[in-house]
Amino acid sequence: PALASRQPAVTRLLVGATPGGGTDILARALSLELSARLGWQFVVENKPGAAGNIAAQETARAAPDGGTLLLSYTSHAINASIYPDLAFDPVKDFTAIYGIARSPAFLVASPRLGVKTLREMIAMAKREPGKLNMAIGGLGTSNHLAGEVLKRDAGLDIVGVPYKGASPAMADVAAGHVHLGFGNVAGAQQQVRDGALIALGVTSAERLPDFPDVPAIGEVLPGYESSAWFGLFGPAGMDAALVERIAQATEQALTSPAMRERMAADNMMPLALGPDAFKDFVISEIDKWGAIVRATGAKAQ
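Quick summary incoming for the structure in this document. All values reported here derive from a predicted model rather than from experimental measurement. (Residues numbered from 1 in each chain as written. Predicted model: local features only at pLDDT ≥ 70, side-chain atom pairs only at ≥ 80, totals over all residues. Heavy atoms only, no water.)

**A look at the pattern of salt bridges**
Definition in use: The term salt bridge refers to a pairing of a side-chain nitrogen on Lys or Arg with a carboxyl oxygen on Asp or Glu at a separation within 4 Å. Helix and strand definitions here come from DSSP, where helices need a minimum of 4 consecutive H or I residues and strands a minimum of 2 consecutive E residues; each element is numbered from the N-terminal end. Under the scheme applied here, a residue whose accessible area is under 20% of the maximum for its type counts as buried, over 50% as exposed, and between as partly exposed, the area being computed with a 1.4 Å probe on protein chains only.
By the definition in use, this model includes twelve salt bridges. For glutamate 58, the salt bridge goes to arginine 12, with nearest N and O atoms at 2.4 Å. Of this pair, glutamate 58 sits in helix α3 (residues 53-61) while arginine 12 sits in strand β1 (residues 10-15), placing them 46 residues apart in sequence. Between glutamate 148 and lysine 151 there is a salt bridge, with its nearest N and O atoms 3.3 Å apart. Of this pair, glutamate 148 and lysine 151 both sit in helix α6 (residues 142-154), three residues apart, which is roughly one turn of that helix. In this pair, the class of glutamate 148 matches that of lysine 151, namely buried. Within the structure, one salt-bridge network assembled from shared partners comprises Arg12, Glu45, Lys47 and Glu58.

Written as structure tokens, this is what we have:
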């Protein structure tokens, strides 16, 4: 009864991304697992925009009773550097609950561009500086910065085209409205398999077993590596016993056959960080991405 009194009737799981992308897919799979394991309902609500800041701000302002949680991603750490006037502190205004997974991204090209490899794309971009453009599925996201680091490392002049989510960004690359883009493997892999998108490279340090013909970008640009991560947060001040219950249920969920299959299918690797370790990880990520923001001059607008 004491524990039951500290649990919500329903938990809104906010996702600062559009439906259909990797974050949304993960959130919906996790919400089913947590509903079954914890005995109350988890309902996903998409709140896209401002690289996750809209969903994060709503979570930070919510009551710390477990009724509102946030499934966030790398931008939670990046935004500390790329948005100078954040309305919240990404560490102090949140309870870090569990670090869930990592996910690499594909650098994809429209089939209409007529390039099949990263080297061909780099050569084209160098021949005609400023001609190529790149869809940005959210300013300040890890995929935005993956593009900025690519341009810096290869010495390319490519124009960024911002979108309000990964799904519309990838759709426009597939349709040929934009030449290039970075998309998380989870969200882009089916279009790559179907030939709607040409995968020029993957941001992981090594090739993915499911896509052995797609080279790691680091094979062409040594030292290049980037990956997104996903984690569960609540508002600051949550009851420690409730946090531990949700963290343990999340850890158990990730070992379930359904979630393992889901994550393997989406080429996600478990992060598996409990509350304290996840908080430390977020702090280290803020430092890491802050250095990249300063080095590339990336801006949120």
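Structure's up, so let's keep going.
**Digging into the packing of aromatic side chains**
The cut-off we apply is this: In this analysis, rings of Phe, Tyr and Trp, with Trp reduced to its six-membered ring, are considered paired at centre separations within 6.5 Å, and the interplanar angle assigns stacked below 30 degrees, edge-to-face beyond 60, and tilted for intermediate values.
By the definition in use, this model includes eight aromatic pairs. Judged by centre distance (5.7 Å) and plane angle (25°), the ring pair of tryptophan 40 and phenylalanine 42 falls under stacked. For tryptophan 40, a relative accessible area of 3% gives the class buried. Looking at phenylalanine 42, the relative accessible area reads 4%, which means it is buried. Considering the side-chain rings of phenylalanine 88 and phenylalanine 94, the 5.5 Å spacing of their centres and the 80° angle between planes classify their relative orientation as edge-to-face. Relative accessible area serves as the criterion here: at 8%, phenylalanine 88 is assigned to the buried category. Through pairs of rings, three or more aromatic residues link up here, namely Phe88, Phe94, Trp229, Phe233, Phe278 and Phe281.

**Brief notes about the layout of surface pockets**
As a reminder, the rule being used: Think of a 1 Å grid over the protein atoms and nothing else: a 1.4 Å probe that fits but is trapped marks a cavity, an open set flanked by protein within 12 Å on at least five of seven lines marks a pocket, and residues with an atom within 4 Å of a point count as lining. Grid points are joined across faces, edges and corners, and a volume is the space filled by probe spheres set on the points. Residue polarity is assigned by list, with Asp, Glu, Lys and Arg as charged and Ala, Val, Leu, Ile, Met, Phe, Trp, Tyr, Cys and Pro as nonpolar; anything else, Gly included, falls into the polar class.
Size it by volume and the largest pocket reaches roughly 490 Å³. Contributing to the lining of the largest pocket are 34 residues, with Ala17, Gly137, Thr141, Gly165 and Ala166 lying nearest its centre. Residue assignment for the lining of the largest pocket shows that the elements contributing at least two residues are α2 (22-38), α6, α7 (166-175), β8 (180-184) and α8 (185-194). For the lining of the largest pocket, the per-class residue count stands at twelve nonpolar, 21 polar and one charged. In this structure, the second largest pocket occupies an estimated 180 Å³ of space.

**Re a negative patch on the surface**
Put simply, the rule is: Residues with no salt bridge and a relative accessible area higher than 30% make up the patches, which join like charges within 9 Å and nonpolar side chains (Val, Leu, Ile, Met, Phe, Trp, Tyr) within 5 Å. Surface accessibility follows the Shrake-Rupley procedure with a 1.4 Å probe radius. Residue values consider only the protein chains on display as shielding. Charge assignment: positive for Lys and Arg, negative for Asp and Glu; neither His nor the chain ends contribute. For this purpose, a charge sits on NZ of Lys, CZ of Arg, CG of Asp or CD of Glu.
Together, Glu244, Glu251, Asp276 and Asp280 line one region of the surface with negative charge. Secondary-structure elements contributing two or more residues to the negative patch are α9 (240-254) and α11 (275-296). With respect to the helices and strands, aspartate 280 occurs in helix α11.

**What about the environment of glycine 297?**
The residue glycine 297 is located in the segment after α11 in this model. Measuring from C-alpha to C-alpha, the distance between glycine 297 and lysine 279 comes to 26 Å, with 18 residues separating the pair along the chain.

**Some thoughts on the packing of helix α4 (residues 75-82) against α6**
How two helices pack is summed up by the angle between their axes together with the distance between the axes. What counts, and what does not: For every element, the axis is a line fit to its C-alpha atoms; helices are fit only across the contacting stretch, and the angle between N-to-C directions ranges from 0 to 180 degrees. Residue contacts are counted whenever heavy atoms from the two residues lie within 4.5 Å of one another.
At a minimum axis distance of 10 Å, the contact between α4 and α6 shows a crossing angle of 60°. In this structure, α4 uses Ser75, Ile78 and Ile82 to contact α6, whose residues at the interface are Ser142, His144 and Leu145. Here the contact of α4 with α6 is composed, by residue class, of three nonpolar, three polar and no charged.

**Brief notes about empty space enclosed by the protein**
To find leftover empty space, a probe the size of one water molecule is rolled over the atoms. All chains considered together, the criterion is met by three cavities of 30 Å³ or more. In this structure, the largest cavity occupies an estimated 50 Å³ of space. Along its surface, the largest cavity is lined by Ala51, Gly52, Asn53, Ala56, Ser72, Tyr73, Ser75, His76, Asn79 and Phe88. Of all the secondary structure elements, the ones that give two or more residues to the lining of the largest cavity are α3, β3 (68-73) and α4. A total of three residues in the lining of the largest cavity trace back to one element, the largest contributor, which is α4. Of the residues contributing to the lining of the largest cavity, the split by class is four nonpolar, six polar and no charged.

**Focus: the sheet that holds strand β6 (residues 133-136)**
Here is the rule we go by: One requirement defines pairing of two strands: DSSP has to find at least two bridges between them.
Spatially, five strands are ordered β7-β6-β8-β5-β9 in an open sheet, and the strand pairing comes out mixed. The sheet is open, and its two borders are formed by β7 (159-162) and β9 (198-202), each paired with just one other strand. Sheet twist, expressed as the average angle between the axes of neighbouring strands with direction ignored, equals 30°. Each of β5 (105-109), β6 and β8 touches α6; the most contacted strand, β8, lies at about 135° to it.

**Regarding the packing of α2 against α9**
In plain terms, the rule: Working definition: roughly parallel below 35 degrees, roughly antiparallel above 145 degrees, roughly perpendicular at 65 to 115 degrees, and oblique for all remaining angles. It is the rotation of the near helix from the far one that decides the hand of a crossing: anticlockwise by less than a right angle makes it left-handed, clockwise makes it right-handed.
It is the contact of α2 with α9, at a shortest axis distance of 9 Å, that shows an interaxial angle of 120°. In terms of axis orientation, α2 runs oblique to α9. Both α2 and α9 take part in a crossing whose hand is right-handed. Packed against α2, whose contacting residues are Leu30, Glu33, Leu34, Arg37 and Leu38, the element α9 presents Arg245, Ile246, Ala249, Thr250, Gln252 and Ala253 at the interface. For the contact of α2 with α9, the per-class residue count stands at six nonpolar, two polar and three charged.

So, to be careful, I would describe these as geometric facts and stop short of saying anything about function.
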